[in-house]
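Next come the chains, spelled out residue by residue.
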Amino acid sequence: MSRANRGTRRATDATIRRRMQMLNQATLASRLARTRRRLFVLALATAVILLAVSTRWGGPGVMGVKAQRKPRYLPAGVHLDQALELLRLRPRTGALLDVEGEILDPDRYPGSVRLNGVVVPLTTQVAPGSVIRVRHGRDRREPIRRREVKVPGGEPTNPQFVVGTAPGVMEVREGTISNKVLSTVFRPTGDVKVRREVALTFDDGPWPTSTRQVLSILRRYGVKATFFLVGYLAERYPDVVREEIRAGMTIANHSWDHPEIPPFAGRSDAFIESQIGRTKEVLSRLGGTTKLFRPPGGSTSPELVELADGLGYRVVLWSVDPHDWATGQTASRVAENVLSAVGPGSIVLLHDGGGDQSATIGALPRIIQGIRAKGLKLVALE
Ligand code: ZN
């Protein structure tokens, strides 16, 4: 046997011994792991049994209850008020609000606590397995009453289509407690009495070039008219708005940015209110009188009329539409369309903004002269 061979065998023996040792260790480790697993399962089972016992029979210190439909645990023997504290369940109180959402009474509608379906004193001891149910008080709005006020002298209808008034009743909706008026809508009961007057109205401005051209014609003929302005344009061209006011024109509201699709009247209350409200703000900052509102596209509804009224506006539509906005429209056709349809009380829809208004501007002198030739007076809406 060579020296090298002997060395190898010795090395081999050592390897075998080491392997045997490792094997023994592995067996020991796996046994230990198994024992630990068994102990864990046993401990878990004990815990579950203890919990079950304590829950069901109010065992040592802890009891199970149901609160808001969920299983919860409480120290045994607590009173209802302590239980609510521990479970962080305090019934909120609902307030009484007026028609504008202001608080009339903050504590009007208290919440309720039921123990096993019954309202009991908060000092009642909670038994294991009890059902606790908390109901929060809700905010409520004061009732609204409708009241009718006779208007024998008459009022413009709302929405308004013509210059004139009708006898009727003002339907007032108001809070029964605060007496705050939510809306007033005029309902005519008789025929509209029109005046021998015609109102020219100009929509979709201010538009820097065409609005000034319209204004200069109106001034030349001494005519007062009504302008329904788009809010964001009024903000962009405040000088044009000031010129309209200086010229004695009525400044009215035609929404913030003229949304037509989907129809304006079908949009949410909040949307409509912000469209009218933002424009109202800009116009009043510029010194405009803003009691009249014309919805984009003339889209209206009873709900829209009430909303606009809540913001201080009457809805104004029209009775004569010469389609001055149509592509390829000519001045003579616009003048003809107006003069063939106009009569006492007419409200005429024209445009000073929104595109090429050369047909409207070209027709305007003929429209003014033609209406006056019929013995009708040109007026701005009030
Ligand atoms: Zn328009």
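The following paragraphs examine the structure supplied in this document. None of the values given here were measured: they were computed from a predicted structure. (Residues numbered from 1 in each chain as written. Predicted model: local features only at pLDDT ≥ 70, side-chain atom pairs only at ≥ 80, totals over all residues. Heavy atoms only, no water.)

1. Things to note about the coordination of the zinc ion
No. 1: In this structure, Asp-204 (OD), His-254 (NE2) and His-258 (NE2) serve as the protein donors to the zinc ion, at separations of 2.1 to 2.2 Å.
No. 2: When the donors of the zinc ion are listed by position in the chain, the intervening gaps give D-x49-H-x3-H. With Asp-204 in strand S12 (residues 197–205) and His-258 in the loop between strand S14 (250–253) and helix H6 (269–285), this residue pair connects regions lying 54 residues apart in the sequence.
No. 3: Taking relative accessible area as the criterion, Asp-204 reaches 15% and is therefore assigned buried. (Donors = N, O, S within 2.8 Å, 3.2 Å for Na, K, Ca; no water. Helix = DSSP H or I, 4+ residues; strand = E, 2+ residues; numbered from the N terminus. Buried < 20%, exposed > 50% of the residue type's maximum accessible area, 1.4 Å probe, protein only.)

2. Here we look at the pattern of salt bridges
No. 1: Applying the stated rule across the entire model yields 14 salt bridges.
No. 2: Several salt bridges share partner residues, and in doing so they unite Arg-146, Glu-148, Glu-171 and Arg-187 into one network. (Salt bridge = Lys/Arg side-chain N within 4 Å of Asp/Glu carboxyl O.)

3. A few points about the packing of helix H8 (residues 331–341) against helix H9 (residues 358–373)
No. 1: The interhelical angle for the contact between H8 and H9, taken along N-to-C directions, is 35 degrees, at an axis separation of 8 Å. By crossing handedness, the relation of H8 to H9 is classed as right-handed. The residues of H9 that touch H8, namely those facing Ala-331, Ser-332, Val-334, Ala-335, Val-338 and Leu-339, are Ala-359, Gly-362, Ala-363, Arg-366, Ile-367, Gly-370 and Ile-371.
No. 2: The residue makeup of the contact of H8 with H9, split by class, is 9 nonpolar, 3 polar and 1 charged. (Axes fitted to C-alpha atoms, helices over the stretch in contact; angles between N-to-C directions. Left-handed = near helix turned anticlockwise from the far one by under 90°. Contact = heavy atoms within 4.5 Å. Nonpolar A, V, L, I, M, F, W, Y, C, P; charged D, E, K, R; others polar.)

4. Details of the sheet that holds strand S4 (residues 103–109)
No. 1: One open sheet holds the 3 strands; their spatial order is S4-S3-S7, and the pairing between them is mixed. A single partner strand is all that each edge strand has here, and the edge strands are S4 and strand S7 (140–141).
No. 2: With 3 bridges joining them, strand S3 (residues 94–97) and S4 adopt antiparallel strand pairing. Pairing of Leu-97 across the sheet is with Ile-103, part of S4. (Pairing = 2+ DSSP bridges.)

5. Description of the sheet that holds strand S1 (residues 62–67)
No. 1: One open sheet holds the 4 strands; their spatial order is S2-S1-S6-S5, and the pairing between them is mixed. With one partner strand each, in any of the chains shown, strand S2 (70–75) and strand S5 (112–115) form the two edges of the open sheet. Within the sheet, the average angular offset between the axes of one strand and its neighbour, ignoring direction, is 30 degrees.
No. 2: Two elements, S1 and S2, share 6 bridges in a ladder whose sense is antiparallel. Opposite Val-62, over in S2, you have Pro-75 as the bridge partner.

6. Observations regarding unusual backbone geometry
No. 1: That bond from Gly-205 to Pro-206 is cis: its omega, 0 degrees, falls within 30 degrees of zero.
No. 2: Turning to its location among the elements, Pro-206 is positioned in the loop between S12 and helix H3 (208–221).
No. 3: Omega for the peptide link from Ile-261 to Pro-262 comes to -5 degrees, which places this bond in the cis form.
No. 4: Take Pro-262: it is sitting in the loop between S14 and H6.
No. 5: For Arg-88, which is not glycine, the phi torsion reads 50 degrees and is therefore positive.
No. 6: With respect to the helices and strands, Arg-88 occurs in the loop between helix H2 (80–86) and S3.
No. 7: For Arg-88, a relative accessible area of 76% corresponds to the exposed category.
No. 8: A positive phi angle, near 60 degrees, is found at His-258, a position not held by glycine.

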